[in-house]
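A look at the structure
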Amino acid sequence: MKKLILCIFVFCAAGLARAQEDSLNNLLLEAVALHDKGDYDGALRLYDQVIAKDPKRLLAWYEKSLTLLVSKRYEACIDLCKEVLGKFKEGDELDNIYVNYGSALDAAGKPEEAIMIYSQGIRKYNHYLLFFNRGITEFMNKKNTNAINDFQQTLLLKPLHASSHQYLSYAVYGQNKVASMMGLASFLVIESNTIRSDKNLKILQELFSSYAKKTGDNQVTISMSPHMLDLKDSNPDNFSIAEMTLALSSATDFNDTLKQFMTPADKMKKKLGIFADISTVEKKGFFTQFYVSFFRAMQDAGHLETAANLILARSNDDQVKQWLSSHEDKLKSFSQWLQEYKWTDKVVNK
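Conventions adopted
- Residues numbered from 1 in each chain as written.
- Predicted model: local features only at pLDDT ≥ 70, side-chain atom pairs only at ≥ 80, totals over all residues.
- Heavy atoms only, no water.
- pLDDT = per-residue confidence, 0-100.
- Contact = heavy atoms within 4.5 Å.
- Helix = DSSP H or I, 4+ residues; strand = E, 2+ residues; numbered from the N terminus.
- Buried < 20%, exposed > 50% of the residue type's maximum accessible area, 1.4 Å probe, protein only.
- Phe/Tyr/Trp six-rings, centres within 6.5 Å; stacked < 30°, edge-to-face > 60°.
- Salt bridge = Lys/Arg side-chain N within 4 Å of Asp/Glu carboxyl O.
- Axes fitted to C-alpha atoms, helices over the stretch in contact; angles between N-to-C directions.
- Parallel < 35°, antiparallel > 145°, perpendicular 65-115°, else oblique.
- Nonpolar A, V, L, I, M, F, W, Y, C, P; charged D, E, K, R; others polar.
- Left-handed = near helix turned anticlockwise from the far one by under 90°.

By the naming in an unreviewed UniProt entry, the protein chain is Tetratricopeptide repeat protein, taken from Pseudobacter ginsenosidimutans.

Given below as structure tokens:
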């Protein structure tokens, strides 16, 4: 009889524990839903209820820190993240706590402290957002060399992270036009139809057109900077020859005869082909290994035409719109190829 009573007690206790667990999970889900609706005060009240009943539930602490961050209560978020890192020595959300901690510091006008927190997190966790967010803080504070390194590291961890392609291209914009163009083109094949795509397509087109300018009815002037003529530059990402080729290609864009036979996508495809044909002999720079290899593989797989049309998706060109609407099979094939492409296989110094 005693054994039966004990079994009934254990069963009831287990049932109560499951019921409490389900109740807390539902409360947490309700809080997240309130956050998503913009009811941050309501979400915070529910997070506090969950934490009061189960202080060891790290996910509730993380979600609360995120709500504080999104609702611009930066000092409260900073204090909470400090508390969490003091309470918890391990847990699945601690890497994200460092992300929120650094983001709150940066938003509160404390970039150096933010960089320090991101760096602490990076020493413990190989989380792509820690590298990316540190890179953003560095980029916004004119520490371009450090930012470039962090965006590169982010892409090695998460190659399809469109924002990293975007900001890496921004960071090298004044140093290496071809590297910047390859980054922007990569962004646009990953994220081809958003408001950010409008801006990045405009920048990419401006970079392409910067090499040549029509100066008369039948006259085009090609602009070449001194470094384009320095073929002895030992920089592993020296794209001088590619720049000269792009300059000549841009000049032909003004040819009225060629305009009758080449669509905007044809011209874009030609420029992507220039990226793919860059020599990689004895070149070990990140942009050569990461991006040139990407466009070469794309060319070998027969996807340059698809990529060119995707890049121009926000151009409002009727021919591009027509191509995109009538080639669903090629778009699906490219999407699958993009998901399966091994970006880091060619990168030696990972």
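Once the structure has been displayed, the description carries forward.
In low-pLDDT regions, the fine details of the predicted coordinates are not to be read closely. For the protein chain, the average pLDDT comes to 88, and 84% of its residues sit at 70 or higher. Contacts for the low-pLDDT stretch residues 2–17, under 50 throughout, to residues beyond four places or in other chains number 0 contacts.

Take the environment of Phe294 next. Here Phe294 shows up in helix 15 (residues 286–300). Judged by relative accessible area, which is 0%, Phe294 ranks as buried. In this structure, the C-alpha to C-alpha distance between Phe294 and Trp343, residues 49 residues apart in sequence, is 6.8 Å. Residues within four places of Phe294 in sequence aside, it is in contact with Ser186, Val189, Trp337, Leu338, Tyr341 and Trp343.

Our next topic: the packing of aromatic side chains. In this structure the tally under the stated criterion is 22 aromatic pairs. Taking 6.1 Å as the distance between ring centres and 70° as the angle between the ring planes, the aromatic pair formed by Phe132 and Tyr167 counts as edge-to-face. A residue pair is termed long-range when its members are at least 10 positions apart, and Phe132 in helix 7 (residues 128–140) and Tyr167 in helix 9 (residues 162–171) qualify at 35 residues. The class for Phe132 is buried, based on a relative accessible area of 10%. Residue classification places Tyr167 among the partly exposed positions, given a relative accessible area of 22%.

Once that is clear, we can look at the side chain of Asn309. With respect to the helices and strands, the residue Asn309 is situated in helix 16 (residues 304–311). Judged by its relative accessible area of 2%, Asn309 falls in the buried class. Once residues within four sequence positions are removed from consideration, Asn309 is found in contact with Ala265, Val320, Trp323 and Leu324.

The subject of this paragraph is the pattern of salt bridges. Oppositely charged side chains are able to pair whenever their charged atoms sit close together. The full count for this structure, using the stated rule, is 12 salt bridges. The partner of Lys87 in a salt bridge is Glu83, with the nearest N and O atoms 3.8 Å apart. With Lys87 and Glu83 both in helix 4 (residues 74–87) and 4 residues apart, the pair spans about one turn of that helix. Taking the relative accessible area as the measure of exposure, Lys87 reaches 48% and is therefore partly exposed. Exposure remark for Glu83: the relative accessible area of 37% places this residue in the partly exposed category. Lys330 is paired through a salt bridge with Glu305; the nearest N and O atoms lie 3.3 Å apart. Of this pair, Lys330 sits in helix 18 (residues 328–340) while Glu305 is found in helix 16, placing the two residues 25 residues apart along the sequence. Residue class for Lys330 comes out partly exposed when judged on its relative accessible area of 34%. Taken together, the shared-partner salt bridges in this structure form one network comprising Arg134, Glu138 and Asp150.

In this section: the packing of helix 12 (residues 240–252) against helix 14 (residues 264–276). Orientation of helix 12 relative to helix 14, taken along the N-to-C sense of each, is 170°, at an axis distance of 10 Å. Relative to helix 14, helix 12 is oriented roughly antiparallel. Every residue of helix 14 that contacts helix 12 at Ala242, Thr245, Leu246, Ser249, Ser250 and Thr252 is listed here: Lys270, Lys271, Ile274 and Phe275. Considered class by class, the residues forming the contact of helix 12 with helix 14 number 4 nonpolar, 4 polar and 2 charged.

Between two packed helices, both the angle of their axes relative to each other and the distance between the axes serve to describe the pair. As a packed pair, helix 3 (residues 58–70) and helix 4 sit with axes 8 Å apart at the nearest point and diverge in direction by 160°. Taken together, the axis directions place helix 3 and helix 4 in an arrangement best described as roughly antiparallel. The two elements helix 3 and helix 4 cross, and the hand of that crossing is left-handed. Along the contact surface, helix 3 presents Leu58, Trp61, Lys64, Ser65, Leu68 and Leu69, while helix 4 presents Tyr74, Ala76, Cys77, Leu80, Cys81, Glu83, Val84 and Lys87. Taken together, the residues that form the contact of helix 3 with helix 4 break down as 10 nonpolar, 1 polar and 3 charged.

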